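# Structural characterization, general
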Amino acid sequence: MSYYSDKFIDYSKREIEVKWTKDTWDNHLNKHPELTDMKQASVLINETLSDPSLVMEGDTIRNGKEEKIRCYYKEHKRHQDWVTYSKVVVGYNADPSYIKSVWKKEAVHYLIVQERKYNFKEIWKKTNSYL
Amino acid sequence: MEKNKFLSLIANISETAKNDNWQAQYDSDLDCFYWTKIKISKNSTLKQFLDDFSLYINNKGAIEGLVIEYAKYNFLGHHKEFEPLFGAMTEKIDNAVYIVPKNKEDKIQHYLENIADKVAKETLDAISSNKLSKNSLLAAARG
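My aim in this report is to walk through the structure given alongside it, one point at a time. Computed from a predicted model, the values in this text were never measured in an experiment. (Residues numbered from 1 in each chain as written. Chains lettered and ligands numbered in written order. Predicted model: local features only at pLDDT ≥ 70, side-chain atom pairs only at ≥ 80, totals over all residues. Heavy atoms only, no water.)

We now examine the overall build of chain A. The helix and strand inventory of chain A stands at two helices and seven strands. Its C-alpha atoms give chain A a radius of gyration of 14 Å, within 12% of the compact-globule value 14 Å for 131 residues. Referenced to the eigenvectors of the C-alpha coordinate spread, the extents of chain A come out at roughly 45 × 30 × 30 Å. When each of the 131 residues of chain A is scored for burial, the buried share is 53%. Summed over all atoms, the accessible surface of chain A reaches about 6,200 Å², with 47% contributed by carbon and sulfur. On chain A, the mean spot of the 23 positive side-chain charges and the mean spot of the 20 negative ones are 2 Å from each other. (Helix = DSSP H or I, 4+ residues; strand = E, 2+ residues; numbered from the N terminus. Rg over C-alpha atoms; globule rule 2.2 N^0.38 Å. Buried < 20%, exposed > 50% of the residue type's maximum accessible area, 1.4 Å probe, protein only. Areas by Shrake-Rupley, 256 points an atom, 1.4 Å probe, with all protein chains shown as cover. Lys, Arg positive; Asp, Glu negative; His and termini not counted. Charge placed at Lys NZ, Arg CZ, Asp CG, Glu CD.)

What the rule picks out here adds up to four cavities of 30 Å³ or more. The computed volume of the largest cavity comes to approximately 70 Å³. What lines the largest cavity is simply Arg62(A), Ile69(A), Lys87(A), Val89(A), Ser101(A), Trp103(A), Leu30(B), Cys32(B), Glu69(B) and Tyr70(B). Contributing elements (two or more residues each) for the lining of the largest cavity: strand 5 (82-91) and strand 6 (97-108) of chain A. In the lining of the largest cavity, the residues fall into six nonpolar, one polar and three charged. The calculated volume of the second largest cavity comes to roughly 50 Å³. Counting only elements with at least two residues in the lining of the second largest cavity, the list comes to strand 6 of chain A together with strand 2 (32-36) of chain B. Grouping the amino acids of the lining of the second largest cavity by side-chain chemistry returns five nonpolar, two polar and two charged. (1 Å grid on protein atoms, 1.4 Å probe; cavity = no way out; pocket = protein on both sides within 12 Å on 5 of 7 lines; lining within 4 Å. Points joined across faces, edges and corners; volume = space filled by probe spheres on them. Nonpolar A, V, L, I, M, F, W, Y, C, P; charged D, E, K, R; others polar.)

Moving on: the environment of Val100(B). Residue and element names in this part refer to chain B. Its place among the elements puts valine 100 in the loop between strand 7 (97-99) and helix 5 (105-128). Its relative accessible area of 6% is what places valine 100 among the buried residues. As for valine 100 and leucine 30, which are separated by 70 residues in sequence, their C-alpha atoms are 18 Å apart.

Further remarks concern the packing of aromatic side chains. Within the structure shown, the criterion is met by 16 aromatic pairs over all chains. Measuring from centroid to centroid gives 5.8 Å for Tyr26(B) and Phe86(B), while their planes differ by 75°, and the two rings are edge-to-face. Placement of the pair is Tyr26(B) in strand 1 (residues 23-27) and Phe86(B) in helix 4 (residues 83-88), with a sequence separation of 60 residues. In this structure, Tyr26(B) and Phe86(B) share a single accessibility class: buried. With a centroid separation of 6.1 Å and an interplanar angle of 50°, the aromatic rings of Tyr70(B) and Tyr73(B) are classed as tilted. Owing to a relative accessible area of 3%, Tyr70(B) belongs among the buried residues under this scheme. Taking relative accessible area as the criterion, Tyr73(B) reaches 31% and is therefore assigned partly exposed. Positioned above the aromatic ring of Tyr92(A), the side-chain terminus of Arg14(A) is 3.9 Å from the ring centre. (Phe/Tyr/Trp six-rings, centres within 6.5 Å; stacked < 30°, edge-to-face > 60°. Lys NZ or Arg CZ within 6 Å of the ring centre and 35° of its normal.)

This paragraph deals with the layout of surface pockets. In this structure, the largest pocket spans a volume of roughly 420 Å³. Around the largest pocket sit 20 residues that line it, and Trp20(A), Thr24(A), Asp29(B), Asn95(B) and Ala96(B) are the ones nearest its centre. Those elements that place two or more of their residues in the lining of the largest pocket are strand 2 (15-20), helix 1 (22-31) and strand 6 of chain A. A per-element tally of the lining of the largest pocket places strand 2 of chain A first, with four residues. Here the lining of the largest pocket is composed, by residue class, of seven nonpolar, six polar and seven charged.

This is the structure in structure tokens:
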């Protein structure tokens, strides 16, 4: 039984779900102070998945196993070198795909998309995106 | 907060960590390494101005922890010297999160201090090479 569950449709009409245990939810809540409650988390996930600025896809090793993931980025604000953005990490080797993580963060613009260092493919980019 | 005050906070991350009883955690599902206060303040924001490290900075500009994304996948690949630290995080506290058992905490302390030193050195390097401007650093310190 999931403690936090919800369903979303991404910009490409793919169904993506979140099914987190209480431990996973509590852990996210502590590590990401910007998350306040499930409703707000779902809003943040939904706006990032449905209208991303950039989507990267690639393979990683997690717990010794290869896992295909997609990272959805959405710019929220830009001021000088800093960008406030949300990032949703999605496990993509299942149908429906599943949310692994969500957060909102501020970073100097050239450091945001870590996945470019690891040969992830850019599969979607908004024309006006700075990322 | 002034740039120099913030720089001194960065230089003293080890001390802050000791005083605030930071805990090292590894999330194997997300491949993230955390070294943070047990309860990060709600007024903290995660900020990144260095390649490998993001810092939790509260609304007073104080540092409450750090995060390394792609910790084993990338960071450890380039920094083999931290393997004993990751190897020591064996106590499972939930599905995918590991911490260092109490009886091994002393043995890994100097690795954590080395991570703190790395953050301080990389910040100074970024400033002196003009990769990080004074304004950008001040923006991070604003919390």
